[in-house]
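Report on the structure
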Amino acid sequence: MVTETPATRPANPRFSSGPCAKPPVFSLDKLSDAALGRSHRAAVGKAKLKDAIESTREVLGIPADYKIGIVPASDTGAVEMAMWSMLGARGVTMLAWESFGSGWVSDVAKQLKLDATIMEADYGQLPDLSAVNFADDVVFTWNGTTSGVRVPNGDWIADDREGLTICDATSAAFAMDLPWDKLDVTTFSWQKVLGGEAAHGMIVLSPRAVERLENYTPAWPLPKIFRMTKGGKLIEGIFEGATINTPSMLAVEDYLVALDWARSVGGLKGLMARADANAKVIFDFCDTHDWIANLADDDATRSNTSVCLKFTDDRIKDGAAFAKAVAKRLETEGVALDVGAYRDAPAGLRIWCGGTVETSDVEALMPWLDWAFNAEIEAQTEAA
Ligand SMILES: Cc1ncc(COP(=O)(O)O)c(C=O)c1O
């Protein structure tokens, strides 16, 4: 007997963890005011870049004395430029609990060849945050996008730290409360929580991070796209919209549209509430179905953006094949696109719950999860 398909479908099946769903109000004609074919250094281009910076400050509540820059190569570019420009001045502690954090560990150990203290945890867990030494510079990911595990808050970060904190917040910014006083360098990309376009990253610097940049020269060479200082002084222009190299003015316009939408739903508070409501639908589903569970071991660390799920039913023979088949059924039905677990993560599903996703769509997806699971169990039994 093939389980019957549910009656309702999500209006928007886009649950990818990046690029993420565009804001619900998005349409291409919203970009008609883009400064296309114009120099990004002309007044119109510069004004839009400055608007992107100041609107980011306003929506995220970033303090006035923090610098915000638009940089090349998305979040990866922003994290790399921070690490290559600032690390090496003192000890380094690297925290990692999933694929992206592990990537930063590998860069610091193998490329920069720094003798870092590495604190790692398996998928589903966090390293022991109470054991972090803040005499070191500390590099970590706020929300591990591929395990769906986030730090619960910033209470573990020392107020009187000697080192800098460098935080990859790409799947956290605009969905989680980031305590700016605890963060010296924060990075994220446009393609994530606000559903912007890829290619550009944001770097947010505290006054202490600026001080490091102006007083420390790393032992290794820095390519032009990583350089934030000239002659021992911060290049202020980068933080006022005079980007290091040429940005896409179409992507800039798209980010401005996303920021406008963010304001229209109540700014950061509204965005966080939307993500929380979306994630809760899935948390509740897991609580009432014994064959599926959150990958995060501790409820306090469950992501409200990249919700990662594992199948826990004893009847499943090949976990990876099963999870893939469920994701494929959902995709074939057109009810959930791109929800397979990340390639390096444990088998399962990952459903994006950031604010651009509508709660009604997550609700509509849940019966389909039930359907796809049961259909696959049945298919597996028949094949046996
Ligand atoms: C935590 C984290 N860091 C870095 C990246 C890389 O982002 P980008 O491709 O925008 O550089 C991602 C993308 O998914 C991510 O989730």
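Look a little higher up for the structure.
Now for a quick tour of the structure. Along each chain, residues carry numbers from 1 onward, in the same order as the chain's sequence is written. Reporting in this predicted model follows two pLDDT cut-offs: at least 70 for local features of residues, and 80 or more for side-chain atom pairs to be given and counted; totals over whole chains, interfaces and linings ignore these cut-offs and use all residues. Only hydrogens and water are set aside; all other atoms, that is, all heavy atoms of the structure, feed into the side-chain values.

Here we look at the overall build of the protein
Numbering of helices and strands runs from the N terminus, with a helix taken as a DSSP run of H or I at least four residues long and a strand as a DSSP run of E at least two residues long. Counting its secondary structure elements, the protein contains eight helices and 14 strands. With C-alpha atoms as the basis for the radius of gyration, the globule rule is written as 2.2 Å multiplied by the number of residues raised to the power 0.38. For 384 residues, the compact-globule estimate of 2.2 N^0.38 gives 21 Å, and the protein sits close to it at 21 Å. Dimensions of the protein, computed from the C-alpha atoms along their principal axes, are close to 75 × 50 × 30 Å. Accessibility here uses a 1.4 Å probe with only protein chains present; expressed as a share of the type maximum, an area under 20% marks a residue as buried, one over 50% as exposed, and anything in between as partly exposed. Scored against the burial criterion, the 384 residues of the protein give a buried share of 58%. By definition in these notes, contact holds between two residues if any of their heavy atoms fall within 4.5 Å. In the protein, 73% of the contacts between residues at least 6 apart in sequence involve partners at least 24 apart.

With respect to the site of the ligand
In the vicinity of the ligand, 14 residues are found, and the nearest of them are Ser74, Thr76, Thr145, Asp168 and Lys192. Between the ligand and Thr76, the relevant distance is 2.5 Å, taken from an oxygen atom to a side-chain nitrogen or oxygen of the residue. Accessible surface is estimated by sampling points in the Shrake-Rupley manner with a 1.4 Å probe; for residues, cover comes only from the protein chains shown. Protein contacts shield 86% of the accessible area of the ligand, which totals 390 Å² for the unbound molecule. At a threshold of 2 Å from the grid points, most atoms of the ligand map onto the largest pocket. At the level of secondary structure, the elements contributing two or more residues to the shell around the ligand comprise α2 (74-86) and α3 (99-111). Residues are grouped as follows: Ala, Val, Leu, Ile, Met, Phe, Trp, Tyr, Cys and Pro are nonpolar; Asp, Glu, Lys and Arg are charged; all remaining types, including Gly, are polar. Its residues assigned to classes, the shell around the ligand comprises three nonpolar, eight polar and three charged. Near residues are defined by distance, with any heavy atom within 4 Å of the molecule or strand qualifying the residue. For this analysis, a polar contact is any N or O atom pair within 3.5 Å, provided that within protein one partner can donate a hydrogen and the other can accept it, and provided that sequence-adjacent residues contribute only side-chain to side-chain pairs. The distinction between a cavity and a pocket rests on a 1 Å grid over the protein atoms alone: a 1.4 Å probe fits inside a cavity but cannot get out, while a pocket stays open yet meets protein on both sides within 12 Å along at least five of seven lines, and a residue with an atom within 4 Å of a point counts as lining. Grid points define the cavity or pocket, and a molecule sits in it when more than half of its atoms lie within 2 Å of them.

Digging into the packing of helix α6 (residues 267-287) against helix α8 (residues 359-383)
Describing two packed helices takes the angle between their axes plus the distance from one axis to the other. Two elements in contact, α6 and α8, have axes whose closest approach is 9 Å; the angle formed by their N-to-C orientations is 20 degrees. Comparing the axis directions of α6 and α8 gives the class roughly parallel. The hand of the α6/α8 crossing is right-handed. Contact residues: α6 offers Arg274, Ala277, Asn278, Val281, Ile282 and Phe285, while α8 offers Thr359, Val362, Glu363, Met366, Leu369 and Asp370. Taken together, the residues of the contact of α6 with α8 sort by class into seven nonpolar, two polar and three charged. Every axis corresponds to a line fitted to the C-alpha atoms, with the helix fit spanning only the stretch in contact, and the corresponding angles, defined between N-to-C directions, vary from 0 to 180 degrees. Should an angle fall under 35 degrees it is taken as roughly parallel, and over 145 as roughly antiparallel, whereas 65 to 115 is taken as roughly perpendicular and any remaining angle as oblique. Each crossing gets its handedness from the near helix: less than a right angle anticlockwise from the far helix is left-handed, clockwise is right-handed.

Concerning the sheet that holds strand β12 (residues 292-294)
The criterion for strand pairing is that DSSP finds at least two bridges linking the strands in question. The antiparallel open sheet is built from three strands, whose spatial order is β12-β13-β14. Only two strands of the sheet have a single partner each, and these edge strands are β12 and β14 (349-352). Neighbour-to-neighbour, the strand axes of this sheet turn through a mean angle of 30 degrees, independent of strand direction. Judged from the four bridges that link them, strand β13 (residues 306-311) and β14 form a sheet pairing that is antiparallel. Considered in β14, the bridge of Ser306 is made with Trp352.

Some thoughts on the nonpolar core
Grouped together as the largest cluster of nonpolar side chains are 92 residues, with contacts concentrated most on Trp142, Phe174, Phe311 and Leu330. Put simply, buried Ala, Val, Leu, Ile, Met, Phe, Trp, Tyr and Cys residues joined by side-chain atoms within 4.5 Å make one nonpolar core. Listed in part, the 35 residues of the second largest apolar core include Leu114, Ala116, Leu205 and Phe226.

Some remarks on the pairing of strand β9 (residues 200-205)
Among the six residues of β9, six are classified as buried, and the element is accordingly described as predominantly covered. Of the two faces of β9, the one holding His200, Met202 and Val204 and the one holding Gly201, Ile203 and Leu205 are both buried throughout. Where strand β1 (residues 67-72) lies against β9, six bridges are found, and the strand directions are antiparallel. In the strand pairing of β9, Val71 is matched with Gly201. Pairing of strand β8 (residues 185-189) with β9, which is carried by five bridges, proceeds in the antiparallel orientation. Following the sheet pairing, Thr187 is matched in β9 by Ile203.

Overview of the environment of Ser303
Within the secondary structure layout, Ser303 lies in the loop between β12 and β13. Separated by 117 residues in the primary sequence, Ser303 and Thr186 have C-alpha atoms spaced 18 Å apart. Ser303 has contacts with Asn143, Gly148, Val149, Arg150, Met176, Ala279 and Phe283, leaving out every residue within four places of it along the chain. There is a polar contact of 3.0 Å between the side chain of Ser303 and the backbone nitrogen of Ser306.

Things to note about helix α1 (residues 43-60)
For α1, with 18 residues, the first-to-last C-alpha span of 25 Å sits near the 26 Å given by 1.5 Å per residue. Lining the buried residues of α1 we find β1, β8, β9, α5 (249-264) and α6. Immediately downstream of α1, the backbone of Gly61 shows phi near 65 degrees, a positive value. Here the expected length of a helix is defined as 1.5 Å per residue gap, with one fewer gap than residues.

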